[in-house]
Amino acid sequence: MKIRTIPLNAYLLKPASRPQSCYTEDTLEKVTWYRWENKKPVKLADANSLDTSGAPLVAVSNEPSNSPLWQQFIRENLELDAFGNTRQSLGTAIFYPLQQKDKPTRWICYTFGSASSKIRRRSMEPRFGLIVALNEICLSSTDAGVRKAQHRSVSSGPYVADFRSGSDTDIEDFGFDSVLDLLKAAGGNITDETDNQKTRSIFGARSFKSSESVESIDCLKKYATAAFKTYRSQKYTDQYGFVDQIVPVDDEATEEKLRLEVLDQIENLDSRVDVLLPADLEKTDNQDAICYYARPKKSVSKASDKTLTLGAVKNILNPGKVDLSSELRFLDSERKELFKVPILDCLTTEIKLDDKDYVLFDGDFYKVDGNFLQRVNKQISQIKTVDLDLKYDGGREDKWIEKVVNQNKARFLNLDQNFARPKGESKFEPCDIIDVDRRALIHAKRKGRSSSLTYLYTQATRSCELLTEDSDLRSQFKTHIDKNPADENIRIQAKSLIDALGNRSHGCEMILALLGDWNKKDLTNLPLLAKLSLLPTLQAIRRTGFEPKISLITQ
């Protein structure tokens, strides 16, 4: 047969998954099954007759498919009745069993056409392709690097960044932070010593993608065996071991156990579990528009709860009529619904399960290296907090700022929503409050999800950097102070503080005020990614001459 170089896309099924369990019931009815035997396909009656004794299995799907809208437009407007009418969605999946000594058989699945979209995502190992690709890069005969990388970044909000390079590049050069970011996919060009120094392009995420020379279906067994062997290698840990520090949990059985542990923590009001406001999910122009929340199955018009506490969550769950997937409705000051969020998305905690460490944040569970987690918590616990002698009883930040400033007019100046704009750049908010007694700028944020808190960190850091570096921005800020209706004496003190920022030894403070329910809680209760990004934030602020401080404002 003719040898072709074709792109291959391989998935590893989870230990408990089998070929027939990979498809939804609707799709399974449209799949024709074959057993590959003596280099020929033998048609099977149905999925129930699959033989898992060791023979490869082939699943072929052939479904009618709607023609694209442009074809429909041409067909209707040009009266071409047959144009684009016969379309099919073709897909083939080839499952290879991998025998293991004293272990259950594992299956690798090669997908072609539409087959990959028809297989249950939950049936696949979530990091199979990534680990194979990283191992391949590390095992290459050359000092290969990465040419394509994708990571989930949380430096200023949760988003997926995709980078490409024309040459082998170190992973850090893609803007990837091995502590703050989660590597989702990686690939590059590698040299294969076993195939006459042939250069291959590879890419791995959930699946492992590569271009290979294929003479027949039987050749795939060789590639499946090699990929599985590479997957089990630990070579990647030499250079890319950081990918094991935080690993998304993508196993239904483990997730269910973790959910039960969270429920138990809530029932016991465990200090490890905390409740966060999902402010970063708001769809309004006013990021801080949340004023109330409505419990499941309760009237929105009568909602009066302003602060979401652990005790409130316990009361919501206790009757047994709702669960962690039930949605809380968040409302503005007129009790108009802004959005709905599952209760689970509002929680953060750390869990020990089967001697392994897990964390919950931003609605997802992650398995975390225990030593790594201990180091982070130790560093976070050493951060000293300051008591501003202020209270927070729920509601929006702007309303809280107005209240505390009105109660302390000789000490505080309200600069909320007063912006400065660097030339050619976006505007920024220097601070929410000036505390003339402490000679401090204060940025306030309700305790929320990782992206909400990292936005606060970014805002404070940028303020410190720009105000100390640019005299024009200090002048803009002083103009806002001059226009403030506060007493002249406090305005003079505030402008004096801003003038002092031109000297790196100004000794002023930058205070991050975190508003929320802090009863028996401390900074270690923050979401993991918020804790990780807090540490470099404090360092960056300190480099500008400011003394960074954290204040936990509670009831």
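The following refers to the structure shown.

What counts as what
- Residues numbered from 1 in each chain as written.
- Predicted model: local features only at pLDDT ≥ 70, side-chain atom pairs only at ≥ 80, totals over all residues.
- Heavy atoms only, no water.
- Core = buried A, V, L, I, M, F, W, Y, C linked by side-chain atoms within 4.5 Å.
- Buried < 20%, exposed > 50% of the residue type's maximum accessible area, 1.4 Å probe, protein only.
- Helix = DSSP H or I, 4+ residues; strand = E, 2+ residues; numbered from the N terminus.
- Contact = heavy atoms within 4.5 Å.
- Salt bridge = Lys/Arg side-chain N within 4 Å of Asp/Glu carboxyl O.
- Pairing = 2+ DSSP bridges.
- Patch = residues over 30% accessible without salt bridge, like charges linked within 9 Å, V, L, I, M, F, W, Y side chains within 5 Å.
- Areas by Shrake-Rupley, 256 points an atom, 1.4 Å probe, with all protein chains shown as cover.
- Axes fitted to C-alpha atoms, helices over the stretch in contact; angles between N-to-C directions.
- Polar contact = N/O pair within 3.5 Å; in protein donor to acceptor, adjacent residues only side chain to side chain.
- Lys, Arg positive; Asp, Glu negative; His and termini not counted.
- Charge placed at Lys NZ, Arg CZ, Asp CG, Glu CD.

1. Regarding the nonpolar core
And step 1. Core analysis: the biggest nonpolar cluster contains 53 residues, and Ile-434, Leu-441, Leu-526, Leu-528 and Leu-534 have the highest contact counts within it.
And step 2. Listing elements by their share of this core, those giving two or more residues are strand S18 (356-361), strand S19 (364-368), helix H9 (370-381), helix H11 (450-469), helix H12 (471-483), helix H13 (488-500), strand S23 (509-515) and helix H14 (528-543).
And step 3. Element by element, the count of residues in this core is highest for H14, at eight residues.
And step 4. For Leu-534, the contacting residues outside a window of four places in its chain are Ile-380, Ile-383, Tyr-457, Leu-512, Leu-523, Leu-526 and Ile-550.
And step 5. Formed by 38 residues, the second largest nonpolar core is a distinct cluster that contains Cys-138, Cys-219, Ala-227 and Phe-242.

2. A closer look at the pattern of salt bridges
And step 1. Under the counting rule described, the total for this entry stands at 22 salt bridges.
And step 2. Linking Arg-200 and Glu-212 is a salt bridge whose minimum nitrogen-to-oxygen distance equals 2.6 Å. Taken together, the residues Arg-200 in strand S10 (residues 198-204) and Glu-212 in strand S11 (residues 208-214) connect sequence positions 12 residues apart.
And step 3. By relative accessible area, which is 8% here, Arg-200 ends up buried.

3. Points about unusual backbone geometry
And step 1. A positive phi is found at Lys-297, a non-glycine position, where the angle reads about 65°.
And step 2. Counting through the fold element by element, Lys-297 comes out in the loop between strand S14 (292-294) and helix H8 (310-317).
And step 3. Lys-297 gets classed as exposed once you look at its relative accessible area, which sits at 67%.
And step 4. With a phi close to 60°, Arg-335 is a non-glycine residue in the positive phi region.
And step 5. With respect to the secondary-structure elements, Arg-335 resides in the loop between strand S15 (327-331) and strand S16 (337-342).
And step 6. Here Arg-335 falls in the partly exposed class, since its relative accessible area comes to 27%.

4. Observations regarding the pairing of S11
And step 1. Residues of S11 alternate between two faces, with Phe-208, Ser-210, Glu-212 and Val-214 buried on one and Lys-209, Ser-211 and Ser-213 left unburied on the opposite face.
And step 2. In this sheet, S11 lies alongside strand S1 (residues 4-12) in antiparallel orientation, the contact comprising seven bridges. Within S11, the residue paired with Ala-10 across the bridge is Phe-208.
And step 3. The pairing of S10 with S11 spans three bridges and is antiparallel.

5. A few points about a nonpolar patch on the surface
And step 1. Side chains of Trp-70, Leu-78, Leu-80 and Phe-83 sit close together on the surface and give an oily, nonpolar patch of about 400 Å² of accessible area.
And step 2. For Trp-70, the location among the structural elements is in helix H2 (residues 69-77).
And step 3. We classify Trp-70 as exposed; its relative accessible area is 52%.

6. Details of the environment of Tyr-240
And step 1. As for its placement among the helices and strands, Tyr-240 is situated in helix H6 (residues 237-240).
And step 2. Residue classification places Tyr-240 among the buried residues on the basis of a relative accessible area of 1%.
And step 3. When neighbours within four sequence positions are excluded, Tyr-240 is seen to be in contact with Leu-134, Ile-137, Cys-138, Val-146 and Ile-171.

7. A closer look at the sheet that holds strand S12 (residues 246-248)
And step 1. Spatial strand order, S12-S19-S18-S17-S13: five strands in an open sheet with antiparallel pairing. Only two strands of the sheet have a single partner each, and these edge strands are S12 and strand S13 (274-275).

8. Some points on the sheet that holds strand S22 (residues 440-446)
And step 1. Across the sheet, which stays open at both edges, the five strands sit in the order S20-S21-S22-S23-S24 with mixed pairing between neighbours. A strand with exactly one partner marks an edge of an open sheet, and here the two such strands are strand S20 (412-414) and strand S24 (547-553). Strand-to-strand twist in this sheet, taken as the mean axis angle between neighbours without regard to direction, amounts to 25°.
And step 2. Pairing analysis gives three bridges linking strand S21 (residues 433-435) to S22, with the strands arranged antiparallel. The partner of Ile-434 across the bridge, within S22, is Leu-441.
And step 3. Against the sheet, H11 makes contact with S22 and S23, and its axis sits at roughly 165° relative to S22, the strand it touches most.

9. Things to note about the side chain of Thr-468
And step 1. Here Thr-468 is to be found in helix H11.
And step 2. Of the residues examined, Thr-468 reaches a relative accessible area of 8% and is grouped as buried.
And step 3. Within polar-contact distance, the side chain of Thr-468 engages the backbone oxygen of Cys-464 at 2.7 Å.
And step 4. Looking at Thr-468, its side chain comes within polar contact range of the main-chain oxygen of Glu-465, at 3.1 Å.
And step 5. Look past the residues within four positions of Thr-468 in its chain and what remains in contact with it is Arg-474, Leu-501, Arg-504, His-506, Thr-544 and Phe-546.

10. Topic: a negative patch on the surface
And step 1. A cluster of like negative charges, contributed by Asp-170, Glu-172, Asp-173 and Asp-177, occupies part of the molecular surface.
And step 2. Positionally, Glu-172 belongs in the loop between strand S8 (159-169) and strand S9 (182-192).
And step 3. With a relative accessible area of 40%, Glu-172 lands in the partly exposed category.

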